[in-house]
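Here's the letter readout for the chains.
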Amino acid sequence: MANSRSGESVIGRVVRVLEAFDRDRQTLTLSRLAARAGVPRSTVHRLVEELIGYGLIRRTHSGELQIGLRMWEIATRSQPAMDVREAALPFMDDVLSVVRQHTTLAVLDGTSALYVERMSAPDSVLDSARITDRLPLNACSPGLVLLAHSPAAFQESFLAGPLTKLTDETPVDPGLIRRHLAEVRHRGFVALPGIGVSEWLGIAVPVFGPERTVVAALSAIVPRDQGDVRLILPALLTAAHGISRTLAPVPRPSAVRPPAAADH
């Protein structure tokens, strides 16, 4: 892979250009894009023209730039995440009918919980845990579920820090987080208020795939003063069980033929 004079590969610069777009800045001028990516304007111009040719970036009618639909098309080919999302959708709808706020599905990606789906009630005001949002594993209930079921070596590497603190209640003490993880494995769920958004409570449970590996975390997000875990948890557990059965159906027993009648 060819490198620039600064030693950075072309792919590295392309990634920086694409990452300059986010939910709050979906369209950018070329100059603004270069500034946010930290790449010389002339280089960004050359890269953008090539990316437009591949459909990864598009130019709007006003001349600004935004991510192209080809990027979405390629991203949806991430089969494991899409498989679990498709399996989860009807069950998440059932959860939403109970919680009437938000239900989310997150997967482990690096050291983050990556939200691949969120269903929301029309009148809910929470603007968090949106699709493609990432949260540190210690700063959201799905993250703690995913971390609790990760290999021990990964857990220790993550806990070695630094750990991000989003609110006053986000756990950042490794000893405390280890106790939370042990409780998640013992109880089968986590319900910690205020660790990601102060006013909200997240309740999360694991979703199992083949060979009983945890492939995702299903959660409900409700106002912390309205969340009744005793009412919400059964809906989450039932939905997670249904998703898990869809992903790794229990094989039917082989048909057993009755013994042949003895000849007389």
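Rules used throughout
Residues numbered from 1 in each chain as written. Predicted model: local features only at pLDDT ≥ 70, side-chain atom pairs only at ≥ 80, totals over all residues. Heavy atoms only, no water. Helix = DSSP H or I, 4+ residues; strand = E, 2+ residues; numbered from the N terminus. Buried < 20%, exposed > 50% of the residue type's maximum accessible area, 1.4 Å probe, protein only. Contact = heavy atoms within 4.5 Å. Areas by Shrake-Rupley, 256 points an atom, 1.4 Å probe, with all protein chains shown as cover. Axes fitted to C-alpha atoms, helices over the stretch in contact; angles between N-to-C directions. Parallel < 35°, antiparallel > 145°, perpendicular 65-115°, else oblique. Nonpolar A, V, L, I, M, F, W, Y, C, P; charged D, E, K, R; others polar. Pairing = 2+ DSSP bridges. Core = buried A, V, L, I, M, F, W, Y, C linked by side-chain atoms within 4.5 Å. Phe/Tyr/Trp six-rings, centres within 6.5 Å; stacked < 30°, edge-to-face > 60°. Lys NZ or Arg CZ within 6 Å of the ring centre and 35° of its normal.

S.K.: Is there a simple way to think about the overall build of the protein in this case?
M.R.: When helices and strands are counted, the protein shows nine helices and eight strands. For the protein, the proportion of its 264 residues judged to be buried stands at 42%. Expressed as a percentage of contacts within the protein between residues at least 6 apart in sequence, the contacts between residues at least 24 apart total 53%. Accessible surface, the protein as shown: approximately 15100 Å² in total, 54% of it carbon and sulfur.

S.K.: Would you explain the packing of helix H2 (residues 30-37) against helix H3 (residues 41-53) in this entry?
M.R.: The description of two packed helices rests on the angle between their axes and on the distance between the axes. Between H2 and H3, whose axes approach to 9 Å, the crossing angle comes to 110°. Put simply, H2 runs roughly perpendicular to H3. Seen from H2, the contacting residues are Leu30, Ser31, Leu33 and Ala34; seen from H3, they are Arg41, Val44, His45 and Val48. Residues of the contact of H2 with H3, tallied by class, amount to five nonpolar, two polar and one charged.

S.K.: Please explain the pairing of strand S3 (residues 102-109) as it appears in this structure.
M.R.: When you tally the buried positions in S3, you get six out of eight residues, the bulk of the element. Alignment of S3 against strand S4 (residues 112-120), held across eight bridges, turns out to be antiparallel. Considered in S4, the bridge of leucine 105 is made with glutamate 117. The hairpin turn running from S3 into S4, its antiparallel successor, is two residues long, and glycine 110 in that turn takes a positive phi close to 65°.

S.K.: How should I be thinking about the environment of valine 116 in this particular structure?
M.R.: Mapped onto the elements, valine 116 comes out in strand S4. Residue classification places valine 116 among the buried positions, given a relative accessible area of 10%. Distance in space between the C-alpha atoms of valine 116 and alanine 106 is 5.7 Å, their sequence separation being 10 residues.

S.K.: I would appreciate a short explanation of the nonpolar core in the present structure.
M.R.: Taken as a class, soluble globular proteins show a tendency for nonpolar side chains to be buried jointly. Grouped together as the largest cluster of nonpolar side chains are 29 residues, with contacts concentrated most on Leu105, Leu218 and Leu236. Counting only elements with at least two residues in this core, the list comes to helix H5 (79-99), S3, S4, strand S7 (200-208), strand S8 (214-223) and helix H9 (229-247). Broken down by element, the residue count for this core peaks at nine residues, all from H5. Apart from residues no more than four positions distant in its own chain, leucine 105 is found in contact with Val84, Arg85, Ala88, Met92, Leu114, Tyr115, Val116, Glu117, Ala216, Ala217 and Leu218.

S.K.: Looking at this model, I keep getting lost on the packing of aromatic side chains. Mind explaining?
M.R.: Under the criterion given, the structure shown has zero aromatic pairs. The positively charged end of arginine 212 is found above the aromatic ring belonging to phenylalanine 208, 3.8 Å away from the centroid.

S.K.: Looking at this structure, how should I read unusual backbone geometry?
M.R.: A negative phi holds for most residues other than glycine; trans holds for most peptide bonds. That bond from glycine 161 to proline 162 is cis: its omega, 0°, falls within 30 degrees of zero. Structurally, proline 162 is set in the loop between helix H7 (152-159) and helix H8 (174-187). Residue arginine 100 is not a glycine yet carries a positive backbone phi of 55°. Relative to the assigned elements, arginine 100 resides in the loop between H5 and S3. Taking relative accessible area as the criterion, arginine 100 reaches 58% and is therefore assigned exposed. Despite not being glycine, arginine 212 shows a phi value in the positive range, around 60°. Inspection of the secondary structure puts arginine 212 in the loop between S7 and S8.

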